[in-house]
Amino acid sequence: KLICEADDSETIFALKRQRPPQHMEIIRVPPSHPRTKPKACNVAIQQMRGEFVTIFDAEDAPAPDQLKRAIAMFARGGAPLACLQAHLNYYNRDENLLTQLFSIEYASLFNLQLPALAALRCPIPLSGTSNHLRVSALQDVGGWDAFNVTEDADLGVRLAYYGYETAVLPSLTLEEAPITLGAWLRQRTRWIKGYIQTWLVFTRDTRALKQRLGRQGYYGFQFFVGAPAITFLLAPLFWGSFVLSLSGYFQHLTPLLQTFCLISFVGGIASHWLFARAV
């Protein structure tokens, strides 16, 4: 399914010019707000006839046997297994230092952290691509949140909220990493905003959330979705205050707070270094 905004005539014309085979279909999304990927996907799932759906970004290079692996894993998992998240990494990881750091981060996330969340039966915030979904479960939870800028992370938590299981698929998809600081900043800002949106939505009723996810799943959600969002917002303030206190321009930082700031800075670097060594 090639999903396009109905008024995006340039893209639709380019697709038609490629003469896609009969098993490919162009779906036109009526112009309306929000003009987001999840809104477009919600329109498209109304026209799906299959049992499963997979999301790929345009630049993705998935493993050739990924769909077969996904179907086999769904067959073994049974009805409660609603989603499989494939491993991601970058095919341009050697382009510059930034893409190399991205590659280390993704290897840590998909090789260590997400499998650990799955083993602990905690909600898995999905990536935006290479997630394989059971259509009946997707429709049961209401599809994607059209207003969330990280609709994938929201969907992963929502599947767990409604009692569905998500597993990590042992198959690799390569995609393109941002190559400039500006592109990285825009991408990371959107991710942080989406995590904050997801955390706020699901913590409106913390009692129901803990009941639905269970104690372990609840705290896994808080540490993996809520804590990173807060950390990204507070860490620059801590680091800036610490540097200013050393320079003498900021005298109100007590020795105890200086110690906490130093632990935050050194601990953050150490944790990333240990993850890099592990992968």
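For every chain, the first residue of the written sequence is number 1, and numbering continues from 1 along that sequence. pLDDT decides what is reported in this predicted model: residues at 70 or higher carry local features, side-chain atom pairs at 80 or more are listed and counted, and totals for whole chains, interfaces and linings draw on all residues regardless. Calculated side-chain values reflect all of the structure's heavy atoms, with hydrogen atoms and water omitted.

Draft legend 1. Local environment of the layout of surface pockets. The volume enclosed by the second largest pocket comes to roughly 260 Å³. Buriedness of a pocket was judged along seven lines, with at least five required to meet protein on both sides within 12 Å; pockets are open sets of points on a 1 Å grid over the protein atoms alone, cavities are sets where a 1.4 Å probe fits but cannot get out, and lining residues have an atom within 4 Å of a point. For the second largest pocket, the lining is made up of 13 residues, of which Arg121, Cys122, Ala160, Tyr164 and Glu165 are closest to its centre. By definition, any uninterrupted DSSP run of H or I lasting at least four residues is a helix, any uninterrupted run of E lasting at least two residues is a strand, and each is numbered from the N terminus. Of all elements in the fold, only β7 (165-175) and α8 (206-247) reach the threshold of two or more residues within the lining of the second largest pocket. Counting residues per element, the lining of the second largest pocket draws most heavily on β7, at three residues. Grid points are joined across faces, edges and corners, and a volume is the space filled by probe spheres set on the points.

Draft legend 2. Structural view of the sheet that holds strand β3 (residues 52-55). In this description, strands pair whenever DSSP reports at least two bridges between them. Here we have five strands laid out as an open sheet, ordered β3-β6-β5-β7-β4, and mixed in their pairing. Whereas interior strands pair on both sides, the edge strands pair on one side only; in this sheet they are β3 and β4 (61-62). Pairing analysis gives two bridges linking β4 to β7, with the strands arranged antiparallel. Bridging from a neighbouring strand, Pro62 pairs with Thr173 of β7.

Draft legend 3. Broad picture of the packing of aromatic side chains. Pairs were defined over the aromatic rings of Phe, Tyr and Trp, the Trp ring being its six-membered one, requiring ring centres within 6.5 Å. Orientation was assigned from the angle between planes: stacked under 30 degrees, edge-to-face over 60, tilted for the rest. Evaluation of the coordinates by the stated rule reveals eight aromatic pairs. For the pair Tyr218 and Tyr219, a centre-to-centre distance of 5.1 Å together with 80° between the ring planes defines the contact as edge-to-face.

Draft legend 4. View of the pattern of salt bridges. A side-chain nitrogen of Lys or Arg and a carboxyl oxygen of Asp or Glu constitute a salt bridge if their distance falls within 4 Å. Per the stated rule, a full pass over the model turns up nine salt bridges. Note that Arg134 and Glu51 form a salt bridge whose closest N and O atoms lie 3.5 Å from each other. Of this pair, Arg134 sits in strand β6 (residues 131-134) while Glu51 sits in the loop between α2 (37-45) and β3, and the two are 83 residues apart along the sequence. Classification of residues uses two cut-offs on accessible area relative to the type maximum, computed with a 1.4 Å probe and protein chains only: under 20% is buried, over 50% is exposed, and between them is partly exposed. Relative accessible area serves as the criterion here: at 11%, Arg134 is assigned to the buried category. Taking the shortest distance from any N to any O, the salt bridge between Arg69 and Asp65 comes out at 3.0 Å.

Draft legend 5. Representation of the nonpolar core in the model. Buried Ala, Val, Leu, Ile, Met, Phe, Trp, Tyr and Cys residues form a nonpolar core when they are joined through side-chain atoms within 4.5 Å. Formed by 15 residues in total, the largest nonpolar core has its most connected members in Val53, Cys83, Leu133, Leu138, Trp144, Leu155 and Leu159. At the level of elements, α2, β3, β5 (81-90), α5 (135-140) and α6 (151-161) are the ones that each hand at least two residues to this core. Counting residues per element, this core draws most heavily on α5, which supplies three residues. If near-sequence neighbours (up to four positions away) are discounted, Val53 is found in contact with Met48, Asn131, His132, Leu133, Val135 and Leu138. Counting 13 residues, the second-largest nonpolar core is a separate cluster that includes Tyr106, Leu117, Ala177 and Phe224. We call two residues in contact when some of their heavy atoms are within 4.5 Å.

Draft legend 6. Structural detail: empty space enclosed by the protein. Across all of its chains, the model carries one cavity of 30 Å³ or more by this definition. Residue lining of the largest cavity: Lys37, Pro38, Cys41, Ile55, Ser127, Gly128, Asn131, Trp144, Glu151 and Asp152, and that is the complete set. Counting only elements with at least two residues in the lining of the largest cavity, the list comes to α2 and α6. Residue contributions to the lining of the largest cavity peak at three residues, all from α2. Residue composition of the lining of the largest cavity, grouped by class: four nonpolar, three polar and three charged. In this count, Pro and Cys sit with the nonpolar residues alongside Ala, Val, Leu, Ile, Met, Phe, Trp and Tyr, while Asp, Glu, Lys and Arg are called charged and the others, Gly among them, polar.

Draft legend 7. How the structure looks around a nonpolar patch on the surface. Surface patches are drawn from residues lacking salt bridges whose relative accessible area is over 30%; two like charges belong together within 9 Å, two nonpolar side chains (Val, Leu, Ile, Met, Phe, Trp, Tyr) within 5 Å. Accessibility throughout is a Shrake-Rupley quantity obtained with a 1.4 Å probe, and a residue counts as covered only by protein chains that appear here. A cluster of nonpolar side chains, contributed by Ile230, Leu233, Leu234, Leu237, Phe238, Trp239, Leu262, Phe265, Val266 and Ile269, occupies part of the molecular surface with about 930 Å² of accessible area. Residue assignment for the nonpolar patch shows that the elements contributing at least two residues are α8 and α9 (255-278). Considering the arrangement of structural elements, one finds Leu237 in helix α8.

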